[in-house]
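# Residue-level structural notes
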Amino acid sequence: MATIDVALVNGPPPAYRFDVTVTDADRSFSAHEVTLDPGDLARLGSGYASPEAFVHACFAFLLERESKGSILPRFDVRVIARYFPEFEETIDRP
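Residues numbered from 1 in each chain as written. Predicted model: local features only at pLDDT ≥ 70, side-chain atom pairs only at ≥ 80, totals over all residues. Heavy atoms only, no water.

Secondary structure assignment for the protein yields 4 helices and 4 strands. Counting helices and strands in the order they occur from the N terminus, the protein gives β-β-β-α-α-β-α-α. For the protein, whose C-alpha radius of gyration is 12 Å, the value lies close to the compact-globule estimate of 12 Å for 94 residues. Here the C-alpha coordinates of the protein stretch approximately 35 × 30 × 20 Å along the principal axes. For the protein, with 94 residues in total, the buried portion stands at 34%. (Helix = DSSP H or I, 4+ residues; strand = E, 2+ residues; numbered from the N terminus. Rg over C-alpha atoms; globule rule 2.2 N^0.38 Å. Buried < 20%, exposed > 50% of the residue type's maximum accessible area, 1.4 Å probe, protein only.)

It is worth spelling out the nonpolar core at this point. If you look at the biggest cluster of nonpolar residues, it comprises 25 residues, and the most contacted ones within it are Phe 54, Phe 59, Ile 80 and Ile 91. Of all the secondary-structure elements, those providing two or more residues to this core are strand 2 (16-23), strand 3 (29-36), helix 1 (38-44), helix 2 (51-63) and helix 4 (87-91). The greatest single-element share of this core, amounting to 7 residues, is contributed by helix 2. Sequence-distant contacts of Phe 59, defined by excluding residues within four places in its chain, comprise Ile 4, Val 20, Val 22, His 32, Val 34, Ile 71 and Phe 75. (Core = buried A, V, L, I, M, F, W, Y, C linked by side-chain atoms within 4.5 Å. Contact = heavy atoms within 4.5 Å.)

Once that is clear, we can look at the environment of Phe 87. Position of Phe 87 among the secondary structure elements: in helix 4. Taking the C-alpha atoms as reference points, Phe 87 and Phe 61, 26 residues apart in sequence, are found 7.8 Å from one another. With residues up to four places along the chain from it excluded, the contact list for Phe 87 reads Leu 44, Cys 58, Phe 61, Val 77, Ile 80 and Ala 81.

Let us now look at the side chain of Ser 30. Looking at the secondary structure, you find Ser 30 in strand 3. Exposure remark for Ser 30: the relative accessible area of 12% places this residue in the buried category. Among the polar contacts made by the side chain of Ser 30, one reaches the side chain of His 32 at a distance of 2.7 Å. In contact with Ser 30, other than residues within four places in its own chain, are Val 20, Thr 21, Val 22 and Lys 68. (Polar contact = N/O pair within 3.5 Å; in protein donor to acceptor, adjacent residues only side chain to side chain.)

Inspection of the entire model under this criterion finds 11 salt bridges. Notably, a salt bridge pairs Asp 19 with Arg 17, separated by 3.5 Å at the nearest N-O pair. On the basis of relative accessible area, Asp 19 is assigned to the partly exposed category, the value being 37%. The salt bridge involving Arg 78 is made with Asp 76; its shortest N-O contact spans 3.3 Å. Given the relative accessible area of 43%, Arg 78 is considered partly exposed. Salt bridges here are not isolated pairs; linked through shared partners, they connect Asp 37, Asp 40, Arg 43, Asp 76, Arg 78 and Glu 88. (Salt bridge = Lys/Arg side-chain N within 4 Å of Asp/Glu carboxyl O.)

Rendered as structure tokens:
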């Protein structure tokens, strides 16, 4: 099982920015820069304890569907729904 480490780099305005590292049991890892609009956090992640917890859940969602190497190195959370239409329905349930 992969370990997901989420670090808040800066908060709004205009968006949150996170550095995320995904590490597998064999110690291989991938690094990602993720942005999150405060409006998207309010709409999709209001049930999560923190923005970091929401981004962690986003990565757990992605890792259930693709390998860490297939996750874009830099993206905004809202693009996940372009690749996985069920994202918004699934992610709002912590």
